[in-house]
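Remarks on the overall topology
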Amino acid sequence: MGLEEKLPSGFLLTTVEKLAGYMRSNSLWPATFGLACCAIEMMAIGSAQKYDVSRFGMEVFRASPRQADLMIVAGRVSQKMAPVVRQIYDQMSEPKWVLSMGACASSGGMFNNYAIVQGVDHIIPVDIYLPGCPPRPEMLLDAILKLHEQIKDTKLGVNRKKVITEVEKAALASLPTHQIPVFQGKGE
Ligand code: SF4
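Described below are features of the structure shown in this document. Bear in mind that the values here come from a model prediction, so they are computed numbers and not experimental data. (Residues numbered from 1 in each chain as written. Predicted model: local features only at pLDDT ≥ 70, side-chain atom pairs only at ≥ 80, totals over all residues.)

**Thoughts on the sheet that holds strand β3 (residues 128-130)**
Just so we agree on the cut-off: When DSSP locates at least two bridges between a pair of strands, those strands are taken to pair. Starting at the N terminus, helices and strands are each numbered in turn, a helix being any DSSP run of H or I of at least four residues and a strand any DSSP run of E of at least two. Every axis corresponds to a line fitted to the C-alpha atoms, with the helix fit spanning only the stretch in contact, and the corresponding angles, defined between N-to-C directions, vary from 0 to 180 degrees.
Strand order across the open sheet formed by 3 strands is β1-β2-β3, with parallel pairing between neighbours. On the outer flanks of this sheet lie β1 (70-74) and β3, each paired with one strand and no other. Neighbour-to-neighbour, the strand axes of this sheet turn through a mean angle of 20°, independent of strand direction. Strand direction decides the pairing type here: β1 and strand β2 (residues 97-101), joined by 5 bridges, are parallel.

**Things to note about the nonpolar core**
Note the threshold: Each nonpolar core comprises buried Ala, Val, Leu, Ile, Met, Phe, Trp, Tyr and Cys residues, the members being joined through C-beta atoms within 7 Å. Burial is judged by counting other C-beta atoms within 10 Å of a residue's own C-beta: 20 or more means buried, 12 or fewer means exposed, and anything between counts as partly exposed, with every C-beta placed from the backbone. Any pair of residues counts as being in contact when their C-beta atoms, constructed from backbone geometry, are within 7 Å of one another.
Among the nonpolar cores identified, the biggest contains 37 residues, and Val-73, Leu-99, Met-101 and Val-120 are the most heavily contacted of them. Every element with two or more residues in this core is listed here: α3 (38-44), β1, β2, α5 (102-107) and α6 (137-152). With residues up to four places along the chain from it excluded, the contact list for Val-120 reads Val-73, Val-77, Val-85, Ser-100, Ala-105 and Val-126.

**Points about the pairing of β1**
Applied cut-off: Place the viewer so that the strands point away; then a crossover is right-handed whenever the path from the first strand over the helix to the second strand goes clockwise.
Most of β1 sits inside the fold, with 5 of its 5 residues counted as buried. Across the two faces of β1 the burial is the same, with Leu-70, Ile-72 and Ala-74 and Met-71 and Val-73 all buried. For the crossover that starts at β1, traverses helix α4 (residues 82-91) and ends in the parallel β2, the hand is right-handed.

**Points about the site of the ligand**
Condition: Being near a molecule or strand means, for a residue, that its C-beta atom, positioned from the backbone, comes within 6 Å of it. Gly falls in the polar group here, along with every residue not listed as nonpolar (Ala, Val, Leu, Ile, Met, Phe, Trp, Tyr, Cys, Pro) or charged (Asp, Glu, Lys, Arg).
Around the ligand, the neighbouring residues are Ala-36, Cys-37, Cys-38, Gly-75, Arg-76, Gly-102, Ala-103, Cys-104, Gly-109, Cys-133 and Pro-134. The biggest single contributor to the shell around the ligand is α5, with 3 residues. In the shell around the ligand, the residues fall into 7 nonpolar, 3 polar and 1 charged.

**Things to note about the pairing of β2**
Within a regular strand, the side chains alternate between the two sheet faces. For β2, the buried fraction is high: 5 of the 5 residues fall into the buried class. Burial along β2 is two-sided: Trp-97, Leu-99 and Met-101 and Val-98 and Ser-100, pointing in opposite directions, are all buried. In terms of strand pairing, β2 meets β3 through 3 bridges, oriented parallel. Bridge pairing links Ser-100 to Tyr-129 in β3.

**With respect to unusual backbone geometry**
Cis rather than trans, the peptide bond between Glu-94 and Pro-95 has omega equal to -10°. Here Pro-95 lies in the loop between α4 and β2. Note that the residue after Cys-133, namely Pro-134, is joined by a cis bond; omega there is -10°. Within the secondary structure, Pro-134 sits in the loop between β3 and α6.

Here you go:
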């Protein structure tokens with residue numbers, strides 16, 4: 001009789017997932033990457049004097065996407081930058097997470113025009129959205145801590161890939177903000 005027969009169903013995998021999630025959530029390395037004014041607030045969280053993100057195991061913003069596993073999309077994404085954002089995302093190491101920071105990154109914000117992507121989730125899967133224009137550094141820290149909670153529950157291996165594929169598919173199928181009926185005054 002093996003050990004697995006004495007343990008409750010899924011006990012070992014659950015424990016490994018929890019352990020991996022705990023370690024991953026406390027050792028995130030963000031990519032050095034900013035697109036517009038929100039990036040100034042993002043930079044502030046690195047300030048050791050006041051916000052000191054290193055308390056959460058994130059003291060190094062990596063200059064290479066290959067050494068980063070968190071992309072903070074800080075600012076509006078222009079159509080011209082969209083392929084670059086996607087390329088940086090593709091180059092980041094797995095598993096990776098995306099935080100959409102501010103109204104512009106999440107929905108195009110006030111830039112409802114042909115030059116700006118109406119939500120970065122049209123080009124990469126987003127794990128957490130942070131509202132505001134711009135969100136304050138405290139709000140970003142709060143979003144990061146909430147992302148930590150998500151990471152602790154992250155599935156491993158093929159299950160993680162399945163989740164990403166589903167999120168990406170749903171995002172690509174979603175309507176741009178200006179085409180959503182409720183924003184056209186047509187009700188839900
Ligand atoms: S949400 Fe506001 S602060 Fe952030 S990029 Fe857009 S305009 Fe700038």
